[in-house]
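Chain and residue survey
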Amino acid sequence: MTRGIASPETYYYRRLFTDAVRAVEMTRELEVVDTDRVVVRGGSQGAGISLAVAGLSRDLAGVMIDVPFLCHYRRATQITDEYPCRELSDYLQWRRNDPDQVFATLAHFDGVNFSPRATAPALFSVGLMGPVCPPSRVFAAYNHWGGTDKDIRVWEYNAHDGGAVDQLRAQITFLTRVTGAEDP
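Residues numbered from 1 in each chain as written. Predicted model: local features only at pLDDT ≥ 70, side-chain atom pairs only at ≥ 80, totals over all residues. Heavy atoms only, no water.

For the bond running from Tyr83 to Pro84, omega is 10°, close enough to zero to count as cis. The topology assignment puts Pro84 in the loop between helix 3 (73-79) and helix 4 (85-94). If you check the backbone angles, Ser44 has positive phi at about 60° while not being a glycine. By the element assignment, Ser44 lies in the loop between strand 1 (39-43) and helix 2 (45-56). Here Val67, not a glycine, exhibits a phi torsion of approximately 45°, which is positive. Mapped onto the elements of the fold, Val67 is located in the loop between strand 2 (62-66) and helix 3. (Helix = DSSP H or I, 4+ residues; strand = E, 2+ residues; numbered from the N terminus.)

At a minimum axis distance of 10 Å, the contact between helix 4 and helix 5 (residues 99-107) shows a crossing angle of 145°. Of the residues in helix 5, those in contact with Leu88, Tyr91 and Leu92 of helix 4 are Pro99, Val102, Phe103 and Leu106. Among the residues making up the contact of helix 4 with helix 5, the classes are represented as seven nonpolar, no polar and no charged. (Axes fitted to C-alpha atoms, helices over the stretch in contact; angles between N-to-C directions. Contact = heavy atoms within 4.5 Å. Nonpolar A, V, L, I, M, F, W, Y, C, P; charged D, E, K, R; others polar.)

Moving on, we come to the side chain of Thr105. With respect to the element layout, Thr105 can be found in helix 5. A relative accessible area of 0% means that Thr105 is categorised as buried. Beyond its immediate stretch of four places on either side in the chain, Thr105 contacts Ile5, Ala6, Ser7, Pro8 and Tyr11. (Buried < 20%, exposed > 50% of the residue type's maximum accessible area, 1.4 Å probe, protein only.)

In structure tokens form, the structure reads like this:
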């Protein structure tokens, strides 16, 4: 969470997000891939990366975002003491004069800021009992989504699993719709 956090140019997630976007680009170059049916999916940190890819890539058939981490960082430090969010708080305890710079860097990598750029159909999930990815962080990314074809599955009594197998069933239905594939 804090490697290279002093600057957007050196922050760890800069390279990770770049690699994820390049992975989509390279996948589209494979002869066996139907470029009109590329979908990205992730859970937790992977969902945060999927948000970035959706905001930086065009023409995705869909995006499935389960209980996204890497969203609304400042809020995270204010409402949860769970790791890995706690790592930011620990870092700032010893760098009391750096919060503005830290959160300025994190703004470049915040899923909430990638969401308005994303227009692909999206299926989100959130567990209302989640201390690692508190619901307000997930709803912030969902509410800022740039596309109009979006849905969020709210799992009232779930936490970081975000609906588990029942969310998987919803994803199969979503994939069938956005890719035009037949239901298996």
